[in-house]
Amino acid sequence: QVQLVESGGGLVQPGGSLRLSCAASGSIFSFKTMGWYRQASGKQRELVAGITSGDMTNYADSVKGRFTISRYTAKNTLYLQMSSLKPEDTAVYYCNGLLRDGVRSYWGQGTQVTVSS
């Protein structure tokens, strides 16, 4: 059973930065794709950024140029570096991993990010 554990959320002022981490219980080479999603209060969960096993990345238009997704295979960890944060970035951020079979998908428990002055 794969486990994903997020950390790094918190309260930050507008314009500030945060780095989220997602630690996998096993090798992240097991994943075909990994990604960060977020869900704001009263809204649907949305994809923020994704990365493939070949390190190809994609971003939601709303975060392009501000967020960077990356992975560190030696630590089996996925990251999301967030800068120039805006109040509208406030949400619970979730890590997701899709295994190479293309069927099994795993979620972390989520970490709250609040952008407020």
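These numbers were taken from a predicted model, which means no experiment stands behind them.

**Side note on the overall build of the protein**
Helix and strand counts for the protein stand at zero helices and eleven strands. Taken from the N to the C terminus, the helices and strands of the protein come in the order β-β-β-β-β-β-β-β-β-β-β. For the protein, the C-alpha radius of gyration of 13 Å lies close to 13 Å, the compact-globule estimate for 117 residues. In terms of its C-alpha atoms, the protein occupies a principal-axis envelope of roughly 40 × 25 × 25 Å.

**Some thoughts on the packing of aromatic side chains**
To describe a pair of aromatic rings, one takes the distance between the centres and the angle between the planes. Tallying each qualifying case throughout the model produces two aromatic pairs. Note on Tyr-37 and Trp-107: the rings are 4.9 Å apart at their centroids and 65° apart in plane angle, and the pair reads as edge-to-face. Of this pair, Tyr-37 sits in strand β4 (residues 31–39) while Trp-107 sits in strand β10 (residues 105–107); the two residues are 70 residues apart in sequence, bridging distant segments of the chain. Residue Tyr-37 is classed as partly exposed on the basis of its relative accessible area, which comes to 22%. With 6.4 Å between their ring centres and 85° between their planes, Tyr-94 and Trp-107 make a pair best called edge-to-face. On the criterion of sequence distance, the pair formed by Tyr-94 in strand β9 (residues 91–99) and Trp-107 in strand β10 is long-range, its members being 13 residues apart. When its relative accessible area of 14% is taken as the criterion, Tyr-94 is described as buried. These aromatic residues form a ring-pair network of at least three members: Tyr-37, Tyr-94 and Trp-107. Across from the ring centre of Tyr-94, 3.7 Å away, lies the NZ or CZ of Arg-45, which sits over that ring. When the ring centre of Trp-107 is taken as origin, the NZ or CZ atom of Arg-45, which lies over that ring, is 4.6 Å away.

**Here's the deal with empty space enclosed by the protein**
By the definition in use, this model includes one cavity of 30 Å³ or more. If you go around the largest cavity, the residues you meet are Ile-28, Phe-31, Lys-32, Thr-33, Met-34, Ile-51, Thr-52, Ser-53 and Arg-71. At the level of elements, β4 and β5 (46–52) are the ones that each hand at least two residues to the lining of the largest cavity. Broken down by class, the residue content of the lining of the largest cavity amounts to four nonpolar, three polar and two charged.

**Observations concerning the sheet that holds strand β7 (residues 67–72)**
Spatial strand order, β1-β3-β8-β7: four strands in an open sheet with antiparallel pairing. Strands at the two margins of the open sheet, each flanked by one partner only, are β1 (4–7) and β7. Taken over all neighbouring pairs, the strand axes of this sheet differ in orientation by 15° on average, direction set aside. Pairing analysis gives four bridges linking β1 to strand β3 (residues 18–24), with the strands arranged antiparallel. In the sheet register, Glu-6 faces β3, and the bridge partner there is Cys-22.

**Focus on the pairing of β7**
One face of the sheet, then the other: side chains in a regular strand alternate in exactly this way. Every second residue of β7 is oriented toward a common face, the buried set being Phe-67, Ile-69 and Arg-71 and the non-buried set Thr-68, Ser-70 and Tyr-72. Note: β7 against strand β8 (residues 77–82), six bridges, orientation antiparallel. Paired with Arg-71 across the strands is Leu-78, a residue of β8. A loop of four residues connects β7 with β8, the two strands running antiparallel in sequence, and Asn-76 in this loop sits at a positive phi of about 50°.

Thresholds applied
- Residues numbered from 1 in each chain as written.
- Predicted model: local features only at pLDDT ≥ 70, side-chain atom pairs only at ≥ 80, totals over all residues.
- Heavy atoms only, no water.
- Helix = DSSP H or I, 4+ residues; strand = E, 2+ residues; numbered from the N terminus.
- Rg over C-alpha atoms; globule rule 2.2 N^0.38 Å.
- Phe/Tyr/Trp six-rings, centres within 6.5 Å; stacked < 30°, edge-to-face > 60°.
- Buried < 20%, exposed > 50% of the residue type's maximum accessible area, 1.4 Å probe, protein only.
- Lys NZ or Arg CZ within 6 Å of the ring centre and 35° of its normal.
- 1 Å grid on protein atoms, 1.4 Å probe; cavity = no way out; pocket = protein on both sides within 12 Å on 5 of 7 lines; lining within 4 Å.
- Points joined across faces, edges and corners; volume = space filled by probe spheres on them.
- Nonpolar A, V, L, I, M, F, W, Y, C, P; charged D, E, K, R; others polar.
- Pairing = 2+ DSSP bridges.
- Axes fitted to C-alpha atoms, helices over the stretch in contact; angles between N-to-C directions.

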